[in-house]
Amino acid sequence: MSDKAVERRIEELRQAIRHHDYLYHVLDAPEISDEEYDRLFRELRELEGEHPELATPDSPTQRVGGRPLDSFTTVDHVAPMLSLDSAQDEASLLRFDARIRRGLADAEVRYVLEPKLDGASVELVYESGVLARAATRGDGRVGEGVTENVRTIPAVPLRLRAAERAIPAILALRGEVIMRIGAFEALNEQLLAADRAPFANPRNAAAGSLRQLDSAITASRPLDLFVYDILASEGGGEMPGTQWDGLQAIRQWGLPSPEMTRRASTVDEVLEYHAELIRERDDFDYEIDGIVIKLDDLDARRRLGATSHHPRWAFAYKFPARKEVTRILKIVPSVGRTGVVTPVAMMRPVELAGVTVSRATLHNREEVSRKDVREGDRVRVQRAGDVIPQVLERVDEPGRERAAPWRMPDACPSCGSALFERGPFTVCPNSFDCPAQLAGRIEHFASRGALDIDGLGEETARLLVSEGLVRHLPDLYEVKAAQLADLPGFARKSAENLVTAISESSSVELRRFLFGLGIPEVGTSVAGDLARHFGTLERLRAASEEELQEVAGVGPKMAERITAFFRSAGNAEILDQLVRGPLRLIEAADQSGQAEEEGGRAAAGAPLAGLRFVFTGGLAGWTREEAKRQVESLGARVTSSVSRSTDYLVAGSDPGSKLGKATELGVMVLDEREFAALLARHGVE
Ligand code: IVH
């Protein structure tokens, strides 16, 4: 390519990537697969690598860079970042509304209603459309400069869109950096696995990730952003006259604005919105802790002005708390279906935002000692979104005598087998005969994504095992209504219903059955891929590790675990009994081209589908196995040697000869930072 052509192509790629960023982050309507997106990105990075003179700081490739800082600079905000007047009671809201109406001399009042996002507030300053600076709120006048970190957030455009609206010479915006709940949980799992302290909640995780001196760490954290306020602007076309238009402008400039916003003109509508969002709070995949009511008309806002702390034109009507203090009555080791023994805090029941909570997981024995919680301690507990209740911390009670530190038992509380340790986890080895593991397996087998047996939850599964009605999974189909009717919690009708539900489940799609078996590492999507690829259970059972790895998303490790599962004599017997007996599997008729094709198509939906990764050297943040699992879970394949068909070589510290080979073949090499950023972009699960 001539230099001119390269320059043109680079610009074309940048524009395309920005456009797809906008479709993805702002409109929530991506038009290309992640794989295609990555291809554009890779091509741009390669061209910029070959032509460093054409690199510009606002290129989409330039999100992570620079050395770690020694300290943050302080930044004067373009306009003060005030906080919000807030309350949790209706009377305060009514007073706010009355004050507004008085203040505006009963002129027509219109509000904009927004969810109150529970994250970290930031100021973004764009100069001539390019992100120039970002700062935390700090004391409202002076914040910390976190520009490098904010640049790594995929939802933050490094350059604004000019397509629909003129861009002011200077534009200061305010928004909230958040971490979605799924990403937060995955991050905490990673931290725990690496023996590091997890974050107490998504807000802390967002704020903590934003305040890292090394922007590579921030890049590895799955942060997101919503922008809800135009703080100030200079130059450029006409600016919006209302909050509603402001939100529109924010989106047109290419930034995501809050979802579920609404206009209202009466306080009843505000109350309705508040009630609606409380109901839907758990459906959001990020934390909201109330609603924000803002006067729509910006002129009217200026007339009302602000106190030294908060504007008079806005109010946060908060939701009931989800954090309370209670007492741990007992710490009970609970054995799950995979044999992992989890310490569970049994607590004095406490109401958290409308739900009574009396149990919370303490994850593993190291977490118990790290938090130093013992039986009888007072603790702060939290329920956040779909997150299972968590013990946040111990509440000190000076002078009170505490129980001895809790200890994980040596023997399985369910079957008595000697427990063993795997990293921070404790495991019962008795996979087949441990009643607790069996109950866990039954519950999983009956769960929604598996055989979907109505009325067969945790408690019933335990009862079936403890009453000796089910000793092995296939016994489930032998249970008679008469045996159930006298058990606690059952009556004749419910017993019959359960037996009917069990028998109706016996005709089941292969993918659901595979998921229900609880094969290590096989979740719903891999189960679906396996079912499509192999078509029948018999073919899958006969598959070699190599054949398994032909399925996108199945790497060597997973292949090994799957074959080990099917090789186990105990599993084989159970499978035989199930399929020769009660179950009728709905299998893809044969392993025809159609099955293959569908498999291919489904795999193409996975973010990294079709890509081949090779690892070399040590990674600081992951074990090799974890890293592999992460990319495999995104649909990529991991192979052991570098070839022309390798897409990425992830090179950690002390890389081996693979690095030389990759360089020779022109394979893209990622260091750990880049690898982390790539995973983060896909929300790493
Ligand atoms: S407007 C002057 N809108 O809540 C008014 N703030 O407790 C500027 N927050 O520090 C704030 N969601 O970080 C506004 N939709 C929203 C918000 C929001 C969350 C945060 C903001 C502020 C805190 C006040």
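Our subject is the structure that appears above.
Reading guide: rules and limits
Residues numbered from 1 in each chain as written. Predicted model: local features only at pLDDT ≥ 70, side-chain atom pairs only at ≥ 80, totals over all residues. Heavy atoms only, no water. Core = buried A, V, L, I, M, F, W, Y, C linked by side-chain atoms within 4.5 Å. Buried < 20%, exposed > 50% of the residue type's maximum accessible area, 1.4 Å probe, protein only. Contact = heavy atoms within 4.5 Å. Pairing = 2+ DSSP bridges. Helix = DSSP H or I, 4+ residues; strand = E, 2+ residues; numbered from the N terminus. Axes fitted to C-alpha atoms, helices over the stretch in contact; angles between N-to-C directions. Salt bridge = Lys/Arg side-chain N within 4 Å of Asp/Glu carboxyl O. Near = heavy atom within 4 Å. Polar contact = N/O pair within 3.5 Å; in protein donor to acceptor, adjacent residues only side chain to side chain. Areas by Shrake-Rupley, 256 points an atom, 1.4 Å probe, with all protein chains shown as cover. Left-handed = near helix turned anticlockwise from the far one by under 90°. Nonpolar A, V, L, I, M, F, W, Y, C, P; charged D, E, K, R; others polar.

(A) Fine view of the nonpolar core. Among the nonpolar cores identified, the biggest contains 55 residues, and Leu-476, Phe-513, Leu-514 and Leu-530 are the most heavily contacted of them. For Leu-514, the residues in contact, after removing those within four places along its chain, are Ile-519, Ala-527, Leu-530, Ala-531, Leu-537, Leu-540 and Phe-566. Ranked by size, the runner-up nonpolar core spans 35 residues in total, among them Ala-120, Ala-134, Ala-206 and Val-227.

(B) Region of the structure containing the sheet that holds strand 5 (residues 130–136). Ordered in space as 5-4-7-8, the four strands form an open sheet in which the pairing is antiparallel. Single-partner strands in this sheet number two, and they are strand 5 and strand 8 (223–234). Taking the axes of each pair of neighbouring strands and ignoring which way they run, one obtains an average angle of 25° across the sheet. Pairing of strand 7 (residues 170–179) with strand 8, which is carried by 10 bridges, proceeds in the antiparallel orientation. For Ile-178, the partnering residue across the bridge sits in strand 8 and is Asp-224.

(C) A look at the pattern of salt bridges. For the coordinates displayed, the defined rule picks out 43 salt bridges. Close ionic contact of Asp-299 with Arg-302 constitutes a salt bridge, the shortest N to O distance being 3.2 Å. Of this pair, Asp-299 and Arg-302 both sit in helix 10 (residues 298–304), separated by three residues, roughly a single helical turn. Between Arg-580 and Asp-576 there is a salt bridge whose closest N-O contact spans 3.9 Å. Taken as a pair, Arg-580 and Asp-576 lie in helix 21 (residues 569–580) at a separation of four residues, close to a single helical turn. For Arg-580, a relative accessible area of 67% puts it in the exposed group. Note on Asp-576: relative accessible area 22%, which makes it partly exposed. Through salt bridges with shared partners, one network takes in Asp-372, Arg-374, Asp-377, Arg-394, Asp-396 and Arg-402.

(D) Highlighting unusual backbone geometry. We note that Met-260 has phi near 60°; this positive angle belongs to a residue other than glycine. Examined against the element boundaries, Met-260 turns out to sit in the loop between helix 8 (243–252) and strand 9 (262–264). With relative accessibility at 32%, the residue Met-260 sits in the partly exposed group. Although it is not a glycine, Asp-372 sits at a positive phi angle of roughly 45°.

(E) How the structure looks around the site of the ligand. Taken together, 13 residues form the shell around the ligand, and within it Glu-114, Leu-117, Arg-174, Glu-176 and Lys-294 come nearest. Measuring from a nitrogen atom of the ligand, one finds a backbone N or O atom of Leu-117 at 2.9 Å. Alone, the ligand offers 530 Å² of accessible surface; in the complex the protein occludes 90% of this. Mapped onto the shell around the ligand, the elements with two or more residues apiece are strand 3 (111–117), strand 7 and strand 10 (288–295).

(F) Here's a closer look at the side chain of Thr-426. As for its placement among the helices and strands, Thr-426 is situated in strand 18 (residues 425–427). Within the local environment of Thr-426, its side chain forms a polar contact with the side chain of Arg-365, the two groups lying 3.0 Å apart.

(G) Representation of helix 25 (residues 672–681) within the structure. Of all the 10 residues making up helix 25, seven are buried; the element is thus mostly covered by neighbouring parts of the structure. As for helix 25, its buried residues are in contact with helix 7 (215–220), strand 21 (612–616), helix 23 (624–633), strand 23 (648–651) and strand 24 (668–670). Backbone geometry just downstream of helix 25 places Gly-683 in the positive-phi region, at approximately 75°.

(H) Broad picture of helix 8. The set of residues buried in helix 8 consists of Gln-243, Gly-246, Leu-247, Ala-249, Ile-250 and Gln-252. The inward-facing, buried residues of helix 8 contact strand 3, strand 7, strand 8, strand 10 and helix 10. Positive phi shows up at Gly-254, right after helix 8, with a value of about 100°.

(I) The arrangement of the packing of helix 1 (residues 3–26) against helix 2 (residues 34–50) in detail. Remark: helix 1 packs on helix 2, axes separated minimally by 10 Å, with the N-to-C direction vectors making an angle of 145°. For the pair helix 1 and helix 2, the sense of crossing is left-handed. Taken together, the residues of helix 2 that come into contact with helix 1 (itself represented by Val-6, Arg-9, Ile-10, Leu-13, Arg-14, Ala-16, Ile-17, His-20 and Asp-21) are Tyr-37, Leu-40, Phe-41, Glu-43, Leu-44, Leu-47 and Glu-48. Of the residues that constitute the contact of helix 1 with helix 2, the class distribution is 10 nonpolar, one polar and five charged.

(J) Focus on the environment of Leu-158. Structurally, Leu-158 is set in the loop between helix 4 (147–151) and strand 7. Accessibility expressed as a relative area gives 5% for Leu-158, which makes it buried. Sequence separation of Leu-158 and Gly-65 is 93 residues, and the distance between their C-alpha atoms is 14 Å.

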